[in-house]
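Architecture and fold: a report
Below are the chains, spelled out letter by letter.
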Amino acid sequence: ARALDERGRLSVGNWFMAGFVVGLAILGFEIATEGMLLRSIWWMIGLDKRFIFSVTYNRATSVIGVLAWPAALFFLQRKAPLVAGIALAAGAFMVHDLQKWASLIALLSGAAVFGAGLLSARTTARVLAAGVALLLIAAPVLPRTVLAPDTVVRSYPGISFSEYHRILIWDFAAKRIAEQPFFGWGMNSARVMPGGKDTAPTDIPGRTRGTGDAPVELMPLHPHNTPLQLWLELGVPGVLLAATLVVGLLLLAARHPSGRMARAASLATITGVIAIAAMSFSMWQSWWLAVVWLAAMLLAVAAPASGRPRP
């Protein structure tokens, strides 16, 4: 990305914008038809897998939550603020319609950071860096205190059974972290964590059991929370490396050579990644890592050739 000349930079940007708009259009069609296109593909290839509309587009909405800001940056660089606004609004509407709250939080928090970054990228980056450091330090403590299952139910009586399951997973992860806090259990060990396949009831105190709330596994593959997964698998060394990486990226983003909008978009993109990573997916999933690298590549492409370091 850094080696591209001006013509290559414009070409990549134009094709990405086109792809982002087409992707939104396809997702809108799928929402309107309840997955007609994907259902047809599954039927044609004989995929023997249950089609669950509510979870099928988790990855699509996460891509929107991360790549919306590079897309907005490219539109703004081409003097098309109206198109940028429409694309962001359409993405947010579809994410909300699909009730993908992690992706919606990523977009909303990204929008707040984008606005703050326009005012002062350096201050915004420093505040975010401090927040990331605090989040990583507090991650193993929160599920045993303010995010303990009983505490959450008392303060949030309307919690859904799926949300309650997430809280149970975090509680189990925190208990295992306490057993191996310094060096963790090993990379990608969450999926084979001792006791992880044990089941627990999802009876929410004071609530009548509903449908779809059968006993659940305490650790289905991963903690659905990257800070907890770092502590659980890699311990203190992994947490320190991750903190150094993310804080460094935030401080570098505040120095993006393309000006205020690029700095704000870079900070918003990192915020979206952090928001989704704190609530969904394993940090080792290849598609998720690919999306993060793609976002980094696009932000590098957004810099003019004269302002980019030599590869």
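A brief structural summary.

Cut-offs and rules
- Residues numbered from 1 in each chain as written.
- Predicted model: local features only at pLDDT ≥ 70, side-chain atom pairs only at ≥ 80, totals over all residues.
- Heavy atoms only, no water.
- Helix = DSSP H or I, 4+ residues; strand = E, 2+ residues; numbered from the N terminus.
- Expected span 1.5 Å × (residues − 1).
- Buried < 20%, exposed > 50% of the residue type's maximum accessible area, 1.4 Å probe, protein only.
- Contact = heavy atoms within 4.5 Å.
- Phe/Tyr/Trp six-rings, centres within 6.5 Å; stacked < 30°, edge-to-face > 60°.
- Axes fitted to C-alpha atoms, helices over the stretch in contact; angles between N-to-C directions.
- Parallel < 35°, antiparallel > 145°, perpendicular 65-115°, else oblique.
- Nonpolar A, V, L, I, M, F, W, Y, C, P; charged D, E, K, R; others polar.

Moving on, we come to helix H1 (residues 6–33). The first and last C-alpha atoms of H1 sit 41 Å apart over 28 residues, in line with the 40 Å expected at 1.5 Å per residue. Gly8, Arg9, Gly13, Phe16, Met17, Phe20, Leu24, Leu27, Glu30 and Ile31 are the residues of H1 that are buried. Contacts from the buried residues of H1 go to helix H2 (36–45), helix H3 (53–56), helix H4 (58–77), helix H5 (81–97) and helix H12 (286–301). At the exit of H1 stands Glu34, carrying a positive phi of roughly 55°.

Quick look at the packing of aromatic side chains now. Evaluation of the coordinates by the stated rule reveals six aromatic pairs. On the basis of an interplanar angle of 90° and a centroid distance of 4.9 Å, the ring pair of Phe281 and Trp287 is categorised as edge-to-face. The exposure class assigned to Trp287 is buried, which follows from its relative accessible area of 15%. Here the aromatic rings of Phe281 and Trp288 are separated by 6.0 Å at their centres, their planes lie at 35°, and the arrangement is tilted. In this structure Trp288 comes out as buried when scored by relative accessible area, which is 4%. Site record: aromatic cluster; members linked through ring pairs are Phe16, Phe20 and Phe74.

Now for the packing of helix H6 (residues 101–119) against helix H7 (residues 121–138). One way to put it is that H6 packs onto H7 with a least axis distance of 6 Å and a crossing angle of 135°. As judged from the angle between their axes, H6 and H7 are oblique. In this structure, H6 contributes Val113, Ala116, Gly117 and Leu119 to the contact, and H7 contributes Ala121, Thr124 and Leu128. Class assignment for the residues of the contact of H6 with H7 results in five nonpolar, two polar and no charged.

This part takes up the environment of Leu221. Relative to the assigned elements, Leu221 resides in the loop between strand S2 (216–217) and helix H10 (226–253). Judged by relative accessible area, Leu221 falls into the partly exposed class, the value being 44%. Sequence-wise, Leu221 and Arg191 are 30 residues apart; in three dimensions their C-alpha atoms are separated by 3.9 Å.

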